[in-house]
Amino acid sequence: MSQLKVSNDSWSSQTVFILAAVGSAVGLGNLWKFPYITGENGGGAFVLVYLACILVIGLPILMSEVALGRAGKANPIQAMSNLAKENGASKLWRLLGFNGVLAGALILSFYTVIAGWAVAYFMQSVRGDFSGITAEAAGVNFDELLANPLELLFWHTLVTLVTIVIVSKGVKGGIEKAINFMLPGLLIILLVLLGYAMTTGSFGDSVRFLFSPDFSKLTWESVLVAMGHAFFTLSIGLGTMMVYGSYLSKEFSIVKASFWIVIADTAVALLAGLVIFSIVFANGLEPGSGPGLLFQTLPVAFGHMWGGWFFGSLFFALVVMAALSSAISLIEPAVSWVNQQWGVERTQAAWLLGGIIWLIGVGTVLSFNEWKGLHFLGERTLFDSLDFITTNIMLPLGGLLMAVFIAWVMKPSTRADNLELSEGWMNLFVLNLRWGAPIAVMVVFASNLVSADRVGFMIAAILGIYAVYIWQVRRG
Ligand code: PFF
């Protein structure tokens, strides 16, 4: 039997781990994506499903993923290999690691493009371009940015380069300082913006839009998007939290850390939503206007509020920082795999993978202009297709398999060693991971595959297949 390959790095304290994990979770997903998909999917009912997914699926899978990393002590592929061996399970569990490494790379390829928009907006804000800007002009300004492939390419390249440089120096080096500053800064500016939102006269509409559910607006596709986003925003399902967990020593509490990650992440998303929709309704803008929502609304606020130049520049700088601390975590599973598995030096691995990811990102850049008419999955552009496949398919699938591994395959003693839950909570946790979370994910998947009148049949079929599959897994 070959030796298990393990990583010897570790976080200097529990706080550093929490900061890094929160840095990974809080990013464009909260500030840019949550508001725009909420707008596209009709508001309240979508938000409710999203919050339910965070609590019932996201939190337990986050705890599981960190625990898998700590117990497997390596990058996602190697960690799953180690764990499969230790628990007498099939070698095929490695594929779960591959799914994550690939998803991380694909997400990063468009993530850097969007982060590039934030850099462009930081520059505009510093130049004073938003002063007195109208909602209409802000819309035109955004459209002009998207129509310019060279500018988008420039910012995409810059963000990719910075990500590579940080990753090649080792993730833990500067991350603590950066996040110490970023998170409180972001919260303060969001609170300032919340103050502004209350003066727009549309704050009540915004609260109603986000928190009073109208279920007639909910489709199975919206449920899939809400569930996918729960994975995306918590950085789970692809192995990022597994790698971060692999640097975590035995004495730290995974349960406590996971709660903090979920609370910080959800708070930032909801605050951003409240602010953005106040501006949307005050200016007669369209909530469902798509990926440009943040960039078409906030300049209006900064252009009209006291200290707007200062807060605007600081805000976009913080968005860039939040994006970078997530970007480094997206490439980390791949880099640590290439480094640990192939013995390629960390710096070289970062440049090599970064180069490939940059190239895929060029496709996303073009999907907003030259390739706008090119459709892949149904009506989706290349950017929309990459986002859909990774967020709505690969991450939930990865999470589902992690749940199955923790709940059905892992030895109860290893599970108990890594998750310090009381007996009652542990039973509930395992029950949820055995049946609740996996079935919920599969039902949402299935409902998107068949027409409404066949959903019942499909669910019954899934339960049957799942039962047979688990029976197989249990037999080894
Ligand atoms: N959670 C990040 C965000 O909300 O922006 C995005 C992300 C980072 C997703 C890392 C997945 C991941 F592994």
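Keep in mind the model is a prediction, meaning the values are calculated, not measured.

Peer 1: Describe the overall build of the protein, and please don't skip the residues or the numbers.
Peer 2: Check the secondary structure of the protein and you find 19 helices and zero strands. A compact globule built from 476 residues would reach a C-alpha radius of gyration of about 23 Å, and the protein, at 22 Å, matches this within 12%. Counting only C-alpha atoms, the protein reaches 65 × 55 × 45 Å along its principal axes. A fraction of 82% describes how many contacts in the protein between residues 6 or more apart in sequence connect residues 24 or more apart.

Peer 1: Mind laying out the site of the ligand, listing which residues take part and the relevant values?
Peer 2: Near the ligand, the surroundings consist of 15 residues, among which Gly29, Tyr111, Phe232, Ser235 and Thr240 are the closest. Between the ligand and Gly29 there is a distance of 2.7 Å, counted from an oxygen atom to a backbone nitrogen or oxygen. Within the side chain of Asn30, a nitrogen or oxygen atom sits 3.4 Å from an oxygen atom of the ligand. The protein chains hide 100% of the 340 Å² of surface that the ligand would expose on its own. Breaking the shell around the ligand down by element, the ones donating at least two residues are helix 1 (14-25), helix 2 (28-40), helix 10 (220-234) and helix 14 (308-342).

Peer 1: Would you mind going over the environment of Leu158 in detail, with residue names and values included?
Peer 2: If you trace the backbone, Leu158 turns up in helix 7 (residues 149-168). When the C-alpha positions of Leu158 and Asn180 are compared, they lie 24 Å apart, and in sequence the two are 22 residues distant.

Peer 1: Describe unusual backbone geometry, naming the residues involved and giving the relevant values.
Peer 2: If a residue is not glycine, its phi is most likely negative; likewise, a peptide bond is most likely trans. The residue Lys73 is not glycine, and still its phi comes out positive at about 50°. In this fold, Lys73 is placed in the loop between helix 3 (44-72) and helix 4 (76-86). Even without a glycine there, the phi angle at Ser235 is positive, about 60°. With relative accessibility at 12%, the residue Ser235 sits in the buried group.

Peer 1: Requested: an account of helix 5 (residues 94-127), with residues and values cited.
Peer 2: Helix length check: helix 5, at 34 residues, gives a terminal C-alpha distance of 50 Å against a target of 50 Å (1.5 Å per residue), a fit within 8%. Within helix 5, 26 of the 34 residues are buried, which leaves it mostly tucked inside the rest of the structure. Following helix 5 by one or two positions, Gly128 has its phi on the positive side, about 85°.

Peer 1: So what's going on with the pattern of salt bridges? Residues and values would help.
Peer 2: Opposite charge on two side chains permits them to pair, given that their charged atoms come into close proximity. Enumeration according to the criterion identifies five salt bridges in this entry. For Asp205, the salt bridge identified is with Arg208, shortest N-O distance 3.1 Å. Highlighted residues: Asp205 and Arg208, both in helix 9 (residues 203-211), separated by three residues, approximately one helical turn. Note that Glu221 and Arg380 form a salt bridge whose closest N and O atoms lie 3.0 Å from each other. Here Arg380 lies in the loop between helix 15 (346-367) and helix 16 (382-409) and Glu221 lies in helix 10, a separation of 159 residues in the sequence. Classification of Glu221 as partly exposed rests on a relative accessible area of 37%. On the basis of relative accessible area, Arg380 is assigned to the partly exposed category, the value being 22%.

Peer 1: Before we move on, can you summarise the side chain of Glu65 with the specific residues and values?
Peer 2: With respect to the helices and strands, the residue Glu65 is situated in helix 3. One buried charge, Glu65, has no salt-bridge partner; the nearest side chain with opposite charge is Arg70, at 14 Å. Setting aside chain neighbours within four positions, we find Glu65 in contact with Ser235, Ile236, Gly237, Leu238, Gly239, Thr240, Met241, Met242 and Met402.

Peer 1: Residues and numbers for the packing of helix 5 against helix 15, please.
Peer 2: Between helix 5 and helix 15, the shortest axis-to-axis distance is 8 Å and the interhelical angle comes to 55°. When the axis of helix 5 is compared with that of helix 15, the two are oblique. Remark: the crossing between helix 5 and helix 15 carries right-handed chirality. On helix 15, the residues that touch Ala105, Leu106, Leu108, Ser109, Phe110 and Val113 of helix 5 are Ile357, Ile360, Gly361, Thr364 and Val365. For the contact of helix 5 with helix 15, the residue count by class is eight nonpolar, three polar and no charged.

Peer 1: Explain the packing of helix 4 against helix 5 to me, and be specific about the residues and the numbers.
Peer 2: Contact geometry of helix 4 with helix 5 gives a least axis separation of 7 Å together with a crossing angle of 165°. The orientation of helix 4 relative to helix 5 falls into the category roughly antiparallel. In this structure, helix 4 meets helix 5 at a crossing whose hand is right-handed. Facing Pro76, Ile77, Met80 and Ser81 of helix 4, the residues of helix 5 in contact are Arg94, Leu96, Gly97, Phe98 and Val101. A class-by-class count of the residues in the contact of helix 4 with helix 5 yields six nonpolar, two polar and one charged.

Peer 1: Tell me what's going on with a nonpolar patch on the surface, and back it up with residues and numbers.
Peer 2: A cluster of nonpolar side chains, Trp371, Leu374, Phe376, Leu377, Ile389 and Ile393, forms an exposed patch at the surface whose accessible area comes to about 490 Å². When you line up the elements, Ile389 lands in helix 16.

Peer 1: Lay out the packing of aromatic side chains with the relevant residues and their values.
Peer 2: What the rule picks out here adds up to 31 aromatic pairs. Taking 5.4 Å as the distance between ring centres and 65° as the angle between the ring planes, the aromatic pair formed by Phe310 and Phe311 counts as edge-to-face. Assessed through its relative accessible area of 16%, Phe311 is described here as buried. The ring of Phe232 carries the charged tip of Lys33 above its face, separated from the ring centre by 4.2 Å.

Peer 1: Can you break down the confidence of the model for the protein residue by residue, with the values?
Peer 2: Residues at a pLDDT of 70 or more form 96% of the protein, whose mean pLDDT is 92. Element-level pLDDT for the protein is lowest in helix 19 (residues 455-475), with a mean of 78, against a maximum mean of 98 in helix 9.

Thresholds, definitions, all that
- Residues numbered from 1 in each chain as written.
- Predicted model: local features only at pLDDT ≥ 70, side-chain atom pairs only at ≥ 80, totals over all residues.
- Heavy atoms only, no water.
- Helix = DSSP H or I, 4+ residues; strand = E, 2+ residues; numbered from the N terminus.
- Rg over C-alpha atoms; globule rule 2.2 N^0.38 Å.
- Contact = heavy atoms within 4.5 Å.
- Near = heavy atom within 4 Å.
- Polar contact = N/O pair within 3.5 Å; in protein donor to acceptor, adjacent residues only side chain to side chain.
- Areas by Shrake-Rupley, 256 points an atom, 1.4 Å probe, with all protein chains shown as cover.
- Buried < 20%, exposed > 50% of the residue type's maximum accessible area, 1.4 Å probe, protein only.
- Expected span 1.5 Å × (residues − 1).
- Salt bridge = Lys/Arg side-chain N within 4 Å of Asp/Glu carboxyl O.
- Lys, Arg positive; Asp, Glu negative; His and termini not counted.
- Axes fitted to C-alpha atoms, helices over the stretch in contact; angles between N-to-C directions.
- Parallel < 35°, antiparallel > 145°, perpendicular 65-115°, else oblique.
- Left-handed = near helix turned anticlockwise from the far one by under 90°.
- Nonpolar A, V, L, I, M, F, W, Y, C, P; charged D, E, K, R; others polar.
- Patch = residues over 30% accessible without salt bridge, like charges linked within 9 Å, V, L, I, M, F, W, Y side chains within 5 Å.
- Phe/Tyr/Trp six-rings, centres within 6.5 Å; stacked < 30°, edge-to-face > 60°.
- Lys NZ or Arg CZ within 6 Å of the ring centre and 35° of its normal.
- pLDDT = per-residue confidence, 0-100.

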